[in-house]
Amino acid sequence: MLIGQGIDAHRFAPHRRLILGGIEVPHPLGLEAHSDGDVVLHALCDALLGAAGLGDIGHHFPDSDDAFKDIDSRVLLRRVVQALAERDLRVHNADLTVVAQAPKLAAYIDAMRECIAADLDLPGARVNIKATTSERMGFTGRGEGIAAFAVVLLDDSEAAIAL
Ligand code: MG
């Protein structure tokens, strides 16, 4: 097994859709970003790349590249999963935490889970998503933005056989 962790945070901005875990969540504010601002998928991509020893999302999809402007982060996630598959690495499970004072996310967790499990080619039970507030402390607590944390395990048994 290979373990990886990823962390991301984005600032709220007006006139943007709020995309979290691959789905749109109704909210007056979205997240500022070069891509669609999906902080959950960005943390997940970083965890996957980290476990595989492949650097980070900024290295693979630089925000200086117009090709990634407003891009659907699910496209990035699928590219990361493809890069792992090319190295005979399979995702074993993922555990994600979203930190947001608002909006309330409980009603959207199942849809996020379904979306992420599909992109990781995993049963839903292998993808866990938790939402929490930070009790009004810090930048998430003041409603300045949203943070996300991801931990993943990769199965490298096929890669080990290839070696
Ligand atoms: Mg990001």
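In short, a report on the structure. For clarity, every value in this text was computed on a predicted model and none was experimentally measured.

**Regarding the pairing of strand 6 (residues 127–132)**
Next up, step 1: Of the strand pairs in this sheet, strand 5 (residues 90–99) and strand 6 are connected by six bridges, and their pairing is parallel. The residue bridging Val98 from the neighbouring strand is Ala131, located in strand 6.
Next up, step 2: At this point the chain moves from strand 5, through helix 4 (residues 109–120), to the parallel strand 6, and the crossover so formed is right-handed.

**Considering the pattern of salt bridges**
Next up, step 1: The final tally for this structure, using the stated rule, is seven salt bridges.
Next up, step 2: Among the ionic pairs, Asp119 bridges to Arg78, the shortest N-O distance being 2.9 Å. Of this pair, Asp119 sits in helix 4 while Arg78 sits in helix 3 (residues 73–85), and the two are 41 residues apart along the sequence.
Next up, step 3: A relative accessible area of 9% means that Asp119 is categorised as buried.

**A closer look at the nonpolar core**
Next up, step 1: The biggest cluster of nonpolar side chains holds 49 residues, and the ones touching the most others in it are Leu20, Leu44, Leu48, Ile116, Leu120 and Ile146.
Next up, step 2: Put simply, the parts of the chain that give this core at least two residues each are helix 1 (39–52), helix 3, strand 5, helix 4, strand 6 and strand 7 (145–155).
Next up, step 3: With 11 residues, the top contributor of residues to this core is helix 1.
Next up, step 4: Contacts of Leu20, omitting those with residues within four sequence positions, involve Val25, Leu31, Asp38, Val39, Val40, Leu105, Met112 and Ile146.

**Some words on the side chain of His34**
Next up, step 1: Assignment of secondary structure puts His34 in the loop between strand 4 (30–31) and helix 1.
Next up, step 2: Here the side chain of His34 touches Asp65 through a polar contact of 2.9 Å, landing on its backbone oxygen.
Next up, step 3: In contact with His34, not counting residues within four places along its chain, are Pro62, Asp63, Asp65, Asp66, Phe68, Lys69, Asp70 and Ile71.

**Observations regarding the coordination of the magnesium ion**
Next up, step 1: Distances from the magnesium ion to its protein donors, Asp8 (OD), His10 (NE2) and His42 (ND1), fall at 2.1 to 2.3 Å.
Next up, step 2: Going along the chain, you hit the donors of the magnesium ion in the pattern D-x1-H-x31-H. Of this pair, His10 sits in strand 1 (residues 2–13) while His42 sits in helix 1, placing them 32 residues apart in sequence. An identical accessibility class is assigned to His10 and His42; each is buried.

**With respect to unusual backbone geometry**
In most cases, non-glycine residues show a negative phi, while peptide bonds are predominantly trans.
Next up, step 1: Between Ala102 and the following residue, Pro103, the backbone shows a cis peptide bond with an omega angle of -5°.
Next up, step 2: One can find Pro103 in the loop between strand 5 and helix 4.
Next up, step 3: Even without being glycine, Asp88 reaches a positive phi, approximately 60°.
Next up, step 4: When you line up the elements, Asp88 lands in the loop between helix 3 and strand 5.
Next up, step 5: In this structure, Asp121 is a non-glycine residue whose phi angle is positive, near 60°.
Next up, step 6: As for its placement among the helices and strands, Asp121 is situated in the loop between helix 4 and strand 6.
Next up, step 7: Classification of Asp121 as exposed rests on a relative accessible area of 54%.

Rules used in this analysis
Residues numbered from 1 in each chain as written. Predicted model: local features only at pLDDT ≥ 70, side-chain atom pairs only at ≥ 80, totals over all residues. Heavy atoms only, no water. Pairing = 2+ DSSP bridges. Helix = DSSP H or I, 4+ residues; strand = E, 2+ residues; numbered from the N terminus. Right-handed = clockwise from strand over helix to strand, strands pointing away. Salt bridge = Lys/Arg side-chain N within 4 Å of Asp/Glu carboxyl O. Buried < 20%, exposed > 50% of the residue type's maximum accessible area, 1.4 Å probe, protein only. Core = buried A, V, L, I, M, F, W, Y, C linked by side-chain atoms within 4.5 Å. Contact = heavy atoms within 4.5 Å. Polar contact = N/O pair within 3.5 Å; in protein donor to acceptor, adjacent residues only side chain to side chain. Donors = N, O, S within 2.8 Å, 3.2 Å for Na, K, Ca; no water.

These figures capture arrangement, not role.
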